[in-house]
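The chain contents come next:
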Amino acid sequence: MRFRVLGPTQVLLADGREIAVGGPRLRALLALLLLDAGRVVSAERLIDGLYGEHPPRGAANALQSLVSRLRQALPAEHSTVEFHPAGYRLAVDPADVDAYRFERLAEAGHRALAGGDWPHAAAVLREALELWRGPALADVIDVTGVPAQAARLDELRLAAVEDRIEAELALGGHADLVPELRQLVVAHPLRERSRGQLMRALSAQGRSAEALAEFEDARRTLAEQLGVDPSAALAAIHLAVLRGDDSSAVRPTTEPALPSQLTTFVGREEELRRVRALLGERRLVTLTGPGGAGKTRLAIEAAGRVDGDVHFVELAGLADGSDVPQAVLSALGLRDAGLRAPAEPGRQSTDRLVEALAERRLLLVLDNCEHVIADVARLAARLLGACPALRVLATSREPLGLAGEALCPLSGLTLPPPDASTENADDYAAVSLFVQRAADVAPDFTVTAANIDVVLRICRTLDGLPLAIELAAARLRALPVAEVAARLDDRFRLLSMGSRAASPRHRTLRAVVEWSWDLLDDAERRLARRLTVFAGGATLEAAGRVSGLPAAEFVDALSGLADKSFVELTGGRYRMLETVRAFCAERLAEAGEADQLRRAHTAYFLEFAWTASDHLRRAEQLHWLRRLDAERDNLHAALRRAAAAGDASDAAGLVAALSFYWWLRGMRGEGARLAASVLDLLGAEAPPGLSEEFALCVYNTSLAGAGHLPSLGTQRSVIRSLDRPPRQPFLLYLSGISTGPPSGGAEHVEELMRELRRLVGPDAWINALGAMGSGSALMWSGEWDRARSALATALDGFRSTGDRWGCMITVGALGELAAWQGDPETAGAHMDEAMGLVEALGSAVDQADMLRTRGEIRLRAGDLAAARDDFAGALLLAQRSGAPEFVAGARLGLAQVARLRGDLVEARRLCEEALVGGLTGWYVGEATRSEIILVLDEITEQEKAGAASRPGALPSADGA
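Each chain has its residues counted from 1, running along the sequence as written. Note on the predicted model: pLDDT of at least 70 is required for a residue's local features to be given, and 80 or more for side-chain atom pairs to be given and counted; whole-chain, interface and lining totals, by contrast, use all residues. Derived side-chain values reflect all non-hydrogen atoms in the structure, with water molecules and hydrogen atoms excluded from consideration.

### Overview of the packing of aromatic side chains
When we look at a pair of aromatic rings, we describe it by the centre distance and by the angle of the planes.
Piece 1. For this analysis, a ring pair means two rings from Phe, Tyr or Trp (six-membered ring only for Trp) whose centres lie within 6.5 Å, classed as stacked if their planes differ by under 30 degrees, edge-to-face if by over 60, and tilted for the remaining angles. In this structure the tally under the stated criterion is 17 aromatic pairs.
Piece 2. Ring geometry for Tyr 604 against Phe 605: centres 4.9 Å apart, planes inclined by 85°, an arrangement best described as edge-to-face.
Piece 3. For the ring pair Phe 660 and Trp 765, a centre distance of 6.0 Å and an interplane angle of 65° mean the geometry is edge-to-face. With Phe 660 in helix 29 (residues 648-664) and Trp 765 in helix 35 (residues 764-780), this residue pair connects regions lying 105 residues apart in the sequence. A run of H or I in DSSP becomes a helix once it reaches four residues, and a run of E becomes a strand once it reaches two; helices and strands are each numbered from the N terminus.

### Structural notes on the nonpolar core
Piece 1. Buried Ala, Val, Leu, Ile, Met, Phe, Trp, Tyr and Cys residues form a nonpolar core when they are joined through side-chain atoms within 4.5 Å. Summary of the burial criterion: residues with accessible area below 20% of their type's maximum are buried, those above 50% are exposed, and those between are partly exposed, where the area comes from a 1.4 Å probe applied to protein chains only. Leu 531, Val 678, Tyr 733 and Trp 805 are the most contacted members of the largest nonpolar core, which has 146 residues in total.
Piece 2. If one sorts the elements of this core by residue count, helix 29 sits on top with twelve residues.

### Observations regarding the sheet that holds strand 7 (residues 284-288)
Piece 1. Two strands pair if DSSP finds at least two bridges between them. As summarised here, the arrangement of the five strands in space is 8-9-10-7-11, forming an open sheet in which the pairing is parallel. Single-partner strands in this sheet number two, and they are strand 8 (309-314) and strand 11 (406-409). Adjacent strand axes in the sheet meet at a mean angle of 15°, parallel and antiparallel pairs treated alike.
Piece 2. Bridge count between strand 7 and strand 11: four bridges; the pairing is parallel. Residue pairing for strand 11: Thr 286 is matched across the bridge by Leu 407.
Piece 3. Packed on one face of the sheet, helix 12 (residues 269-281) meets strand 7, strand 9 (362-367), strand 10 (390-396) and strand 11 and runs near 170° to strand 11.
Piece 4. Against the sheet, helix 16 (residues 373-386) makes contact with strand 7, strand 9 and strand 10, and its axis sits at roughly 165° relative to strand 10, the strand it touches most. For every element, the axis is a line fit to its C-alpha atoms; helices are fit only across the contacting stretch, and the angle between N-to-C directions ranges from 0 to 180 degrees. By definition, residues are in contact when any of their heavy atoms lie within 4.5 Å.

### A closer look at empty space enclosed by the protein
Gaps left between atoms show up when a probe the size of a water molecule is rolled over them.
Piece 1. Grid points spaced at 1 Å and placed over the protein atoms alone form the basis of the search, with a cavity being a set where a 1.4 Å probe fits but cannot get out and a pocket an open set showing protein on both sides within 12 Å along at least five of seven lines. Lining residues have an atom within 4 Å of a point. Grid points are joined across faces, edges and corners, and a volume is the space filled by probe spheres set on the points. The full count for this structure, using the stated rule, is two cavities of 30 Å³ or more.
Piece 2. Here the largest cavity defines a volume of roughly 40 Å³.
Piece 3. Around the largest cavity, the lining residues are Ser 659, Trp 662, Trp 663, Met 667, Arg 668, Gly 671, Asn 700, Leu 703, Phe 730 and Leu 734.
Piece 4. For the lining of the largest cavity, the secondary-structure elements that each account for two or more residues are helix 29, helix 30 (668-682) and helix 33 (730-739).
Piece 5. For the lining of the largest cavity, the leading source of residues is helix 29, giving three residues.
Piece 6. Three classes are used, and their members are as follows: Ala, Val, Leu, Ile, Met, Phe, Trp, Tyr, Cys and Pro are nonpolar, Asp, Glu, Lys and Arg are charged, and the others, Gly among them, are polar. The class makeup of the residues in the lining of the largest cavity is six nonpolar, three polar and one charged.

Here is the structure:
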C-alpha cells in the first residue's frame, strides 16, 4: 500500500485504487500514525492528538475502538497496525509514505545543488514537489499536534521550491521562472530568498530596472512589517545588479557540506542503518576498522542522510595533533579573529570552537583520527561537554576512548558463504563492488559461469576489504582475471607467516599494495614514492616540478599511476589514498631521496607563497586566496619540515610570505604557532640578511599573546633596521597593530612614510597604506577635512591595486568619519560598501563587526529601530563565529538602544552580560570594557534622576 498526507489523507493499493478509511476521527488516527511511520506512538500522544486537552471519559477504550476500526478499514493481509506495550505502531516502510519520500528527495536535491550538479538537483526536486496534491494534512488540520507538523512540511516544500528555482537559474531558465517567482513573492513577501531569486532572474534578462524596483519593494515591506532592513545577502544581490554583474547575481552560493563522491556506494546497508540509528541515540559515534575498510565513505553516506547542519573535517593531512582545533575551525568557516583585530592573548582555538558551537545543532564528522587520536579525544570531550546540541561522527583505526562513545566496527564487505550457490554471487557486496570497479576499467568485463569462481577467490582472499578489492579490480586493465587471482595468491602465501602481533587485515591490505607496487615500472615507482612528499595532494604543475622527472617521463608515469589506482584526480589535484601513500613513503626513505624531495618541495612552495603574496594585494586577490586555501597543507608542511631540518632562511621566508594570507583568512592562532617554532630556530636576534623575516616572526607570534618575545622597538626602528625594501609590505600594518601608531599623530605617520618611500621608492599599495594610517590619525585628532582627504587618497590607491581588504578598512573608516560629522546617509552608503567587501572576502566575524559599526552610526543619527536591528544581527553572527569581543560590542549597542528608549532595566542587563568573558588581554577588549563601564555609570545617573518614570523625557541620542 501507499499512503498520502501531502494533501488529503489517502491510502492506495498497488494498482492505484483508493481505500476508503472512514470519518474524520479515523483519518486523524491514521495521520498521527503515519507521521511516525514504522515507530511506536504512545497511547497518550494519540489520545492528546485525537481529543486535545479534554479527552472523554474512557479515552483509552475509545482509542482501542478506533484502532480496531482502522485495522478493519485496511486490507487484512497487511496487518499494518500493531499493538505494543508502549502504544501502537503502523508497520509500514516510511518509503511508502509520500511525506517521507518527499523529505528524502528534497534532501537529495539539496545535496546535488550544494555539489553543483544542477540538472540532477532540478530533476530530483521536481520529482519531490510532484508528490504534493494540496496543503499538507489538509483534512485533519484541526487535530492537536497536526498544525505544527503541517507547517513544518509546508516550510520544507517552500525551501524545495526555492532550491529547484536555484538549480534552474543556474541552468539558464530565467525567463520561465519570472512568473512563478512573482507569485512566490506575492504569497510570501517577507521571504528574502525568493525575492533575491526574482531580482537575479530579472537582471539576467537585462531587466535591471525591474530588479532594482523589487529590492525597493522588499526594503519598504520589511521596514513596514518588521521594522528591519534587507539582509546582507539581498543587499549583495542589489549591489551586483547596480554594478551589472550578472554572473555573480545568478550563481548559486550553496557550499557543499560533504565531499562529493565519484563512484557509487556499494554494500554497507546494515552498517548504514546502524550508524543512522546510533546518531539518533548517541552524541559520539566512532567508525573503527583497518585501513581500507571504507570508514570514510560510510561516514559521508551516513552524514549525508542526516537532517540539519553537517560539517566534514579531514584530519589525514595534519602532521601535529595541536592543529586539530584549527582544522575544525577552518571546516566550520570560522577564524581565530576578524580581519581588523588580532587574536586575544592566551585564547585557544578550542575556546573559540566552544563559543561558536555552544548553541548550534550540528553533526561534526572527524575523519582519519588515528594519527592524532589523543588530541581528537580531548577536543571531542571538551566540545561535547560544553555544546549540548552537538553530535560527533568519527572515523579511526581505534576508538577515541571516551565515556558514552558508541562504536561501529567495520571489517570486510559481505561475501558468499563457502557452500553458497554461485548463481546469485553478485548479490553480495564484496562481489558487487569488484564487478562494478572492474567494469569501470574493463567495460566488457562481466561475471560468467566461467570466471565466477575466480572472482570469488579474489574477493575472499582479500577478506572483502573495499580498498583491496578496488586495487585488484583496477588490474583488469592489463591482466586477465585469472592472472590477478594467481598473483594475489602468491603474495599472500609469503605474508601469511608474518608477525602475529600485526592486524591480519593490515597484513592483507599491505600485501595488496605491495603487489600493486610490483606491477609498476621504474618511472612509475620513482614518481609514486616522490609524490608522498605532498600533504593534501598536488596540482599537475607542482607534482611535475617537485618530482624532478623529465617532462615526457613524468606525464607517462602519472597516467600509469592514475590507471593503476595509485593516485586519483579530484578537483584538479592528484591525491593518494593514505594507505598507499604510507607504503610509498617507506620506499622513498629506502631510496635515500627523502631529504632531496623535502628540499624540492620547500623550494617550490616558498616560491609559490611569495608569488601568491604579491597577487593578494591586487585585483586577483580572491582567486589567489582560493589557491592558497587549496595548498594550505603543503605550505604548512613545508614550513614545519624546514624548521625541523634547521633551514632557518626557508622557514622564516615562508612565515614572511604567508603573513598577509594568515591575516586575511583569520588564521592568527595557527600562524602564531608556526611563527613561534621558527622564532625558536632564529634565536633572540635577527640573523644577517633576515631582518624582515625575523620581525614578521615576532609580530605573528605576538598576535596570539605569547610570553616574552624579542623587542623590535617602534615602527620607525623596524623600518630603519631593514637593509632592503620589504618584500612583504604587510609588515608595515602588522608593526602598527603590534606596537601601536607613532606617538606624534598624523605628522609622525607622514614622516614615517617619507622614510619608507626613500627605502622602497614609489609603491601604490604602500602609499595607500600610509595614507590610510595618516587619515586614521587625523580622525582621532579631530582634523576631519584632512582626514577625509587622506582616506580618499588611500581608497583611490587600494582601488587602483584591486585590494578589497584595504578598500574595506578605508571605506569603514570613511563611514565612521561621516557619522562623526553628522552625515548618516553618506556613512550608511560607505558601510554598505564595506559590508559587501567583507562578504566577498568571506568573513562572517568581520561582517558582524561592520554591522555593529553601522549600528553605532544609526544610533548616533537617532534611528533606534534600525540600530537595534544591526546590533541584533551583529550579535547573532558574532555568537555563531565565537567572537566574544564582538558579542560584547553588539550587546553594548543593544544596551545603548534600550537606555535611549528609557528601558534602564534591560540596558543594565545587557551591559552586565556584555562584561562577561572575552574582554581582557588586548586593547580592543579593554576599550570595550571601558565603554561598558561608562554606559553603566550613565544608567546609574538616569536611575537616580528617575528618567525611566518620566514620560516624554527620553535622553538624546547625540551622545551615543
